[in-house]
Structure formats: structure tokens, C-alpha cells
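Here is how the chains run, residue by residue.
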Amino acid sequence: MQLVIFFLMILTNTYADYPALKAVLSEKGLRDVSQMMAVWIQNKLKTIEIPEIRGGVDIGIGTVHYVISNMQVVQCRMSGPSMEFEQGTGVSVEVNQLSLAVTGSWSTRFGIIHDGGSFDLVVYNIRIQTLLGLGDEAGRLSITTISCSDNVGGVDIQFHGGASFFFQPFVSSFKGHISEMIHERICPAIQQAISELEDNLQEVTVNITVDKYIYLSILLTSSPAVTDQSFELDIKGEFYSISHPSEPPFSASAFFVQYAENYMLSLAASEFLVNSAAYAFLSSEVLQINITDNMIPKSFPIHLNTSQFGAFIPQLRTLYPNMEMQVLLYASKTPLFSFSSGMIDLHVSAAAKFSAVQPDGMLVPLFRLDVDGSFSGSALIDNKHLTGDFKMKNLTLTVGSSEIGDFKTAVIEQMLVIAVNSFAIPKLNDYLKTGFRLPTLQHFSLVNSKLLIKNGFVVIFTDVEDSWTV
């Protein structure tokens, strides 16, 4: 049943007009869920409590009193269950040929004659039909039992111990008792289990902390959409800054995902999801870095000192001769991603504040350069890892402000382009070549995954496996 919870959690009002995340479970996924559902049903039925049975049977010369006690379900076998989507409602579950093995103790009393022993009992050909409703409760997935019915086919019993013939008359009576008691407890046991699952769903956090800076909201934006072939959840999928939560100056757009019948699950994310993450990081003031000369590769022809930069900005040599420099590089606007057929584009607006470092460590502001860059890349899933490759499309450099007078940036721009293409991009692509391992939830992982980049969103078609069993 943990796999069921996995789907209900990952497929789990909102400020965005449209969802940024979509999750679609196919019929193939539902079939695989049914295999786990079989284990879950068996485990739940094993917990059925069967109370002690007391009764009496008139044998003509008196009454044989009997007690059946210590009954426990020790085994549960079934084929199935079969699960189907019920359009507009949820999922129907049907179990056939379910059998339960029960052990217990018996005792009889007829006057001064006492007898007793143990027994093994099999309840067979049990049939269960349940309809589960799927909805939303305050942005969380909700599951309820709409209907439940069951039927018990028959009972076989083997008594052990006891030499008296007085226990024989109550056998047929006992079969009827146990059959009715099992029948009366099956649906309540399932309803109780569904209720417990619902309680767990309502306790699932809808704000997932990613790191110390941002969190992800996974509230549902609408009730689940159930067709006769799939189950779709629309999820907010918006990142927020933990320290400065606010809405970005852009909004989510509508997108449509067609489920893939050959995969269990389709997971799609729009541009809004990644762009809201960029905005959340920007709001958290973490998209910045202080660059010092010891961070620049020794092989690079230009280093952070006024003597070398004086070749491009002559007044530096005059105003601040032979001084180290430091650069505060930061995003001046939210980096924006866009998805088109097979490609990922990234636009970056940044600023670089240059300062001279005095002998006492004090910084002297020099100038600010504004950087505008665009990059393109691709992504794919390779051996359970999300990998990618990027290249620079364009980069321009302009003077934003200056405390040392005017100067030209053409040569500095050329050097920056060389630095990005020679050092930054190769280092990024080396990192992306290794990639990020696809996420897991508890011990379930994504397998046989395929990533496609569409207009405005990316989608992963995937199967799910229990990593503890492979």
C-alpha cells in the first residue's frame, strides 16, 4: 500500500491561475498499483479481530454448550484485485477468489463432560467490491469509500483434539457463525483502512522545504480529473523564498499533457515552476557571489588587479595603482527559462560591481558592469540521471555606473565571452554530464524514464519500482 500512498502523495487553494505541475496515472500504472493493493488488502484482512463465539446445540437429551476462542487470521490469499478508473468519481476495486485461513481453540461442555482442542478453518471464495472516491480537501488529495460489498462463498473446518462425540453437533452451526462474522467484518476493515489512509493524506505537508532558502508548494489547484483511462492531478508547483515569500511578477500558463499508455506515470512541469524557483532564490538574496583573484584560473590571461585592468581602463593605473580587485556578481533580474520543442533557453540579467581592495582590506567602489546573456541547451534522462548540455548564444556588456569616469567595454566584453566559453560553460557541462539522480520517495524510484521538452513545459514519462526488491 506504500506505493498507493506514493502515487497519492506525488500526484498531490492556490494563487496561480494554472497549475505548474501535472501528474497523470495511466491504466498501466493502475494495474501496477493493483499488485501492491493486493498485498495491502491481505495485510489489512489479517488484522481482523474475530470475537469469541459461545452457543449451545440441543441434541435431544440436553444441550451441548460450546466456546470458540483465540481465533486469528493467519493467511490470506487472493488473485487480483482488478482496479478500474470510474470516470468523474475515482477507482473501483474488485477482489475475487479471496480465501482466509483461521486458527483457533474450541471447547464443549455437556453436563460434567468437558472436551476441547484446536481447529483450522478456511473461508474461501470471498468476493469484495469497493468504489473509492477521489477528491480534494483544502488543496490535499482526499480518498473516501463510496460503497463496499462482500460475499463469502463457503467454509471448511478441521478440528484437532477431543475424543468426545459431543462436539460434532455444533460443527455445522459454527460454520454459519464464522461465515457471517467474516462477512460482517470485511467491509468495515477496508473502510477503516481507507479512513486511515485519508488521515495520512491530510497530514502530508503541502510545503516541501528544498533547502534553507526556498520551499515548494504542492497544493492541488483543482479536484482530480478521473476519466475511464487516467487519473490526473493539477498541482500548484510554485517555489517561495522562506525569508521573503512573495508572488513573482509573472504567472503560470495553461498546458495540456497527454498521458502515455506505455508508462505508469506522466509528470509535467511548466516554465513557471523553474522560473518561480529562480525568483525565490533571487528574493532570498542568494543569487550572488563575491569573486576574488584567487578564484580565477592561473591560466586565464587577465586577473583581478588594477594593473592588468588598466590595459582596458587607463585611469585605474593612475587612481589605484597596483591594487587587488574584487567583484560582486549578482542577478539583477530573475533568470528566466523558456521551453520550446526539444530546447531550453535561459536569459540572464546580471550586474558586476568592481571594487579596489585597499591594504587594510577596505573596498573602494570603482564601477558597475551590466551583463545581459542568453544560453540554450538540452536535457535528457540517462541511466536514472537527468543530464544536460548548454552553450552561450549571446552576451553583451555595458557600463551601469562608474566612479572613475567613462571607459569602453568592448575588450572587456570579449574577455568575458572567452572566460564564459572557456571556463564557465565547460565546467557547467561537466557537472550536467554527471547529472542529477531522479528523485525517490521513501524506497520507490523512477525507472524506464523518458524526458521530452515541449512548448512551454517538460514532461517525464516513467515507470516506478520498489528499489528494495530489485
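Our structure's up above, just so we're on the same page.
Residues numbered from 1 in each chain as written. Predicted model: local features only at pLDDT ≥ 70, side-chain atom pairs only at ≥ 80, totals over all residues. Heavy atoms only, no water.

Caption draft 1: Spotlight on the state of the cysteines. With the rule as written, the count across this model stands at one disulfide. Cysteine Cys76 remains unbridged, with the sulfur of Cys148 as its closest cysteine sulfur at 14 Å. On the accessibility criterion, Cys76 (4% relative accessible area) is buried. (Disulfide = S-S within 2.5 Å. Buried < 20%, exposed > 50% of the residue type's maximum accessible area, 1.4 Å probe, protein only.)

Caption draft 2: Structural view of the nonpolar core. The biggest cluster of nonpolar side chains holds 118 residues, and the ones touching the most others in it are Phe354 and Phe367. The biggest single contributor to this core is helix H3 (residues 170–203), with 10 residues. When we break this core down by domain, the ones giving at least three residues each are domain 1 (27–203) and domain 2 (207–465). Setting aside chain neighbours within four positions, we find Phe367 in contact with Ile313, Leu316, Met325, Ala352, Lys353, Phe354, Ser401, Ser402, Glu403, Ile404 and Phe407. (Core = buried A, V, L, I, M, F, W, Y, C linked by side-chain atoms within 4.5 Å. Helix = DSSP H or I, 4+ residues; strand = E, 2+ residues; numbered from the N terminus. Domains from an automatic or database assignment. Contact = heavy atoms within 4.5 Å.)

Caption draft 3: Structural detail: the sheet that holds strand E8 (residues 207–209). Reading across from one edge, E8-E9-E12 is the order of the three strands in this open sheet, with antiparallel pairing throughout. Two strands in the sheet have a free side with no partner beyond their single neighbour: E8 and strand E12 (238–241). For this sheet the average axis-to-axis angle between neighbouring strands, irrespective of direction, equals 30°. Here strand E9 (residues 214–217) runs beside E12; their pairing, made up of four bridges, is antiparallel. Residue pairing across strands places Tyr215 opposite Tyr240, the latter belonging to E12. Against the sheet, helix H4 (residues 271–283) engages E9 and E12, with an angle of about 0° to E12. (Pairing = 2+ DSSP bridges. Axes fitted to C-alpha atoms, helices over the stretch in contact; angles between N-to-C directions.)

Caption draft 4: Spatial organisation of the packing of aromatic side chains. One pass over the full model with this rule turns up 11 aromatic pairs. On the basis of an interplanar angle of 45° and a centroid distance of 6.1 Å, the ring pair of Phe119 and Phe159 is categorised as tilted. Taken as a pair, Phe119 in strand E5 (residues 113–137) and Phe159 in strand E7 (residues 154–160) lie far apart in primary sequence, 40 residues in all. Note on Phe119: relative accessible area 1%, which makes it buried. Taking the centre distance of 4.9 Å and the plane angle of 65° together, the rings of Phe367 and Phe407 count as edge-to-face. With Phe367 in strand E18 (residues 363–382) and Phe407 in the loop between strand E19 (385–402) and helix H7 (410–434), this residue pair connects regions lying 40 residues apart in the sequence. Under the relative-accessibility criterion, Phe367 is labelled buried at 2%. Its relative accessible area of 12% is what places Phe407 among the buried residues. Taken together, the ring pairs connect Phe309, Phe312, Phe354, Phe367 and Phe407 into an aromatic cluster. The cationic tip of Lys22 hangs over the ring face of Phe255; the distance from NZ or CZ to the ring centre is 5.4 Å. (Phe/Tyr/Trp six-rings, centres within 6.5 Å; stacked < 30°, edge-to-face > 60°. Lys NZ or Arg CZ within 6 Å of the ring centre and 35° of its normal.)

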